[in-house]
Amino acid sequence: MANPLYDRLFGAHAGRQDPFLILADGSTISYAAFLAMAARIAHVLTRAGLSPGDRLAAQVEKSPQALALVAAAAQAGIVILPLNTAYTPGELAYFVENSGAAMLVCDPDRTEAIAPIAAQCGARLETLAADGSGTLTDKAGDMADDFPTVERATDDLAAFLYTSGTTGRSKGAMLTQENLLSNAETLAECWRFTEEDVLLHALPIFHTHGLFVATNVTLLSGGAMIFLPKFDADAVIGALPRATAMMGVPTFYTRLLDDPRFTRDLASHVRLFVSGSAPLLAETHLRFEERTGHRILERYGMTETNMNTSNPYDGERRAGTVGFPLPGVDLKITDPDTGAELPQGETGMIEVRGPNVFKGYWQMPEKTAAELRQDGFFITGDLGRIDEDGYVQIVGRQKDLIISGGYNIYPKEIELLLDEQPGVMESAVIGVPHPDFGETVVALVVPEPGAAPDTEALAAALKGSLARFKHPRAIRIVETLPRNTMGKVQKNLLREEWSGLFNSASAGERMP
Ligand code: MCA
Ligand code: AMP
């Protein structure tokens with residue numbers, strides 16, 4: 001095949017007049033119309049001088065046109081780099097510069113802040129708004145409805161997704177066509193997706209879950225998606241009776257359970273609910289089953305690996321576990337210090353290998369070598385065990401990471417900024433349980449002798465630099481941080497001490 005990713009996901013549907021996207025207002029976009037939109041955008045990209053292998057950074061709201069941009073990049077052999085819409089211009093600048101993106105597409109409202117970044121990085125700038133308007137689609141309007149698909153091989157890069165690191169510097173995970181295709185094929189089969197499926201899609205499309213799991217599985221099986229701009233309980237409840245499947249982060253499911261309109265009857269047309277990106281509490285799993293009769297299917301993945309494990313479609317979906325390694329994925333538990341494989345039942349580092357595992361971090365050979373072994377096993381940073389029946393359980397993380405509502409937050413990035421503030425000697429940022437987001441960010445700050453930093457001023461100082469979802473929901477001044485004999489801050493003790501901070505809130509309450 002000329003371009004396996006494009007051909008399998010998109011080209012296979014050429015000429016189909018049936019709906020691919022069902023929008024919030026009930027209107028639909030057929031496969032054929034979507035492919036024509038993508039082809040027109042592909043012309044814009046190549047006329048702008050982008051060549052196969054070039055990177056295209058996109059910080060755009062979710063819309064059919066934004067998804068068509070992804071398809072266009074695949075058809076033109078361009079590496080797509082989707083970016084969280086919450087990132088500040090400062091955060092964005094790093095991704096554009098580091099990736100050497102040849103083009104940046106942003107919301108028209110942000111042009112003023114972003115144009116200087118594009119100019120400095122030598123990237124062309126186009127715009128695309130949530131309603132589909134912008135320079136990108138203006139130019140596309142004059143283009144042909146078909147585009148000669150650029151030849152690509154399975155080993156060619158398809159996407160860069162940036163993931164933060166414990167040092168605070170983000171790394172560009174390089175994903176190949178094969179990584180994406182093999183995983184989508186496996187998931188579509190394991191989860192029994194067909195042309196008959198209508199997936200309720202309320203996830204963002206700038207991360208693996210919404211883009212490579214939800215969208216690619218639907219595309220590969222030729223089904224349709226109810227394509228909502230974001231998770232909104234009213235819209236989801238309105239759409240559920242038409243859906244056959246839904247994928248979400250645990251916050252989606254706890255929010256639905258908090259809503260009395262979410263009943264067994266409402267969920268009766270759905271055949272499958274999938275959860276991932278963050279731990280689903282066993283309690284949520286059980287409450288969901290009591291309410292709807294459905295057992296949520298929990299799976300486990302990462303940006304670098306796509307999906308690694310899944311609970312079974314048939315057979316027991318075991319609460320508190322992420323199921324079995326997917327077909328084609330090798331998974332082992334190793335001693336975090338020596339790398340030696342541990343016997344079944346023991347807790348250690350989860351390592352995975354398979355066609356789903358990425359090619360490495362962009363221009364970071366040392367970081368790649370530190371996490372991706374010569375024999376192909378990727379060291380996930382997650383701690384887990386395999387129970388007596390073979391189910392994988394994630395019991396913790398060795399990496400210092402907070403997952404809030406499915407978004408990853410690396411404490412180091414926040415600590416570095418706090419430590420720079422006047423009157424601050426040092427800080428520790430931890431994740432504590434939160435009824436809505438699962439975990440949320442708390443910052444503990446030690447003042448310099450005689451100083452009394454104002455927590456509001458600290459919060460304000462973070463505001464301009466960090467995406468909103470990374471902002472601490474509480475900043476507390478403390479005298480000292482607990483340290484072990486090696487001088488390392490004992491975050492486990494801090495997490496214990498502050499674990500009750502948000503527990504008094506009623507479930508579902510939105511915190512400041
Ligand atoms: C929004 N806010 C958040 C989050 N989302 N704060 C912390 N954590 C978050 N996740 C901010 C908003 O900007 C807002 O700020 C305030 O918190 C409350 O917003 P709210 O209206 O309650 O939030 P929302 O807009 O409804 O969003 C919550 C959400 C969303 C629906 C849970 O975060 C979401 O869609 N999460 C999914 C993330 C995801 O797709 N992860 C997959 C990563 P203010 O009040 O100041 O305006 S892929 C992955 O992890 C791997 C590969 C895997 O296995 O899937
Ligand atoms: P990211 O690199 O942003 O894609 O985040 C991947 C991380 O999310 C994994 O390394 C896990 O720590 C976490 N994760 C994903 N799915 C699950 C799950 N089902 N249960 C617990 N943690 C999960």
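Provided above is the structure to which this section pertains.
Below: a short report on this structure. Note that this is a predicted model, so its numbers are computed, not measured. (Residues numbered from 1 in each chain as written. Chains lettered and ligands numbered in written order. Predicted model: local features only at pLDDT ≥ 70, side-chain atom pairs only at ≥ 80, totals over all residues. Heavy atoms only, no water.)

1. Overview of the site of ligand 1
Near ligand 1 you find 26 residues, and of these Ser277, Arg299, Ser404, Arg468 and Arg473 are the closest. Here Arg468 contributes a side-chain N or O atom positioned 2.3 Å from an oxygen atom of ligand 1. Interatomic distance of 2.7 Å between a side-chain N/O atom of Arg473 and an oxygen atom of ligand 1. Here ligand 1 loses 78% of its free accessible area of 1,000 Å² to cover by the protein chains. Looking at the shell around ligand 1 residue by residue, the classes come out as 10 nonpolar, 10 polar and 6 charged. (Near = heavy atom within 4 Å. Polar contact = N/O pair within 3.5 Å; in protein donor to acceptor, adjacent residues only side chain to side chain. Areas by Shrake-Rupley, 256 points an atom, 1.4 Å probe, with all protein chains shown as cover. Nonpolar A, V, L, I, M, F, W, Y, C, P; charged D, E, K, R; others polar.)

2. So, the sheet that holds strand S15 (residues 324-325)
Taken together, the 9 strands give an open sheet; going across it, the order is S2-S1-S10-S9-S11-S12-S13-S14-S15, and neighbouring strands pair in mixed fashion. Two strands lie at the open edges of the sheet, namely strand S2 (28-30) and S15, each paired on one side alone. Relative to strand S13 (residues 297-302), strand S12 (residues 272-275) runs parallel, the two being bridged by 2 bridges. For Val274, the partnering residue across the bridge sits in S13 and is Leu297. Sheet strands in contact with helix H3 (residues 64-76) are strand S1 (19-23), S2 and strand S10 (224-227), and its direction is about 145° off that of S1. (Pairing = 2+ DSSP bridges. Helix = DSSP H or I, 4+ residues; strand = E, 2+ residues; numbered from the N terminus. Contact = heavy atoms within 4.5 Å. Axes fitted to C-alpha atoms, helices over the stretch in contact; angles between N-to-C directions.)

3. A closer look at the packing of aromatic side chains
By convention here, two paired aromatic rings are described through the distance between centres and the angle between planes. All told, the structure shown has 19 aromatic pairs when counted by the stated rule. Taken together, the ring pairs connect Tyr6, Phe10, Phe20, Tyr31 and Phe34 into an aromatic cluster. Across from the ring centre of Tyr313, 5.4 Å away, lies the NZ or CZ of Arg317, which sits over that ring. Against the face of Phe377 rests Lys332, its NZ or CZ located 4.1 Å from the ring centre. (Phe/Tyr/Trp six-rings, centres within 6.5 Å; stacked < 30°, edge-to-face > 60°. Lys NZ or Arg CZ within 6 Å of the ring centre and 35° of its normal.)

4. Overview of the pattern of salt bridges
Tallied over the full model, the rule gives 27 salt bridges. With a closest N to O distance of 2.9 Å, Arg318 and Asp389 form a salt bridge. A residue pair is termed long-range when its members are at least 10 positions apart, and Arg318 in the loop between strand S14 (306-310) and S15 and Asp389 in the loop between strand S19 (378-386) and strand S20 (392-397) qualify at 71 residues. Taking relative accessible area as the criterion, Asp389 reaches 45% and is therefore assigned partly exposed. The partner of Lys470 in a salt bridge is Glu413, and the shortest N-O contact between them spans 3.1 Å. Taken as a pair, Lys470 in the loop between helix H14 (455-463) and strand S25 (474-477) and Glu413 in helix H13 (residues 411-419) lie far apart in primary sequence, 57 residues in all. The two residues Lys470 and Glu413 agree in class, both being buried. Connected via shared salt-bridge partners are Glu316, Arg318, Asp387 and Asp389. (Salt bridge = Lys/Arg side-chain N within 4 Å of Asp/Glu carboxyl O. Buried < 20%, exposed > 50% of the residue type's maximum accessible area, 1.4 Å probe, protein only.)

5. Describing the site of ligand 2
Every one of the 16 residues lining ligand 2 counts as a neighbour, but Arg299, Thr303, Asp382, Lys399 and Asn408 are closest to it. One of the side-chain N or O atoms of Asp382 is found 2.6 Å from an oxygen atom in ligand 2. Here an oxygen atom of ligand 2 sits 2.6 Å away from a polar atom, N or O, in the side chain of Lys399. Protein coverage of the free-state accessible area of ligand 2, which is 490 Å², stands at 91%. Looking at the shell around ligand 2, the elements that each hand over two or more residues are S13 and S20. Of the residues in the shell around ligand 2, the class split is 7 nonpolar, 4 polar and 5 charged.

6. Considerations on the environment of Met307
Structurally, Met307 is set in strand S14. Each C-alpha atom of the pair Met307 and Pro52 lies 27 Å from the other, and the pair is 255 residues apart in sequence. Sequence-distant contacts of Met307, that is, excluding residues within four places in its chain, are made with Asn183, Leu187, Thr208, Val213, Arg299, Tyr300, Gly301, Met302, Leu326, Val329 and Asn356.

7. Here's the deal with the environment of Ile402
Residue placement: Ile402 occurs in strand S21 (residues 402-404). Residues Ile402 and Gly431, spaced 29 residues apart in sequence, show a C-alpha to C-alpha distance of 5.3 Å. When sequence neighbours within four positions are dropped, the list of residues in contact with Ile402 reads Arg397, Tyr407, Asn408, Ile409, Pro411, Val429, Ile430, Gly431, Glu439, Thr440 and Val441.

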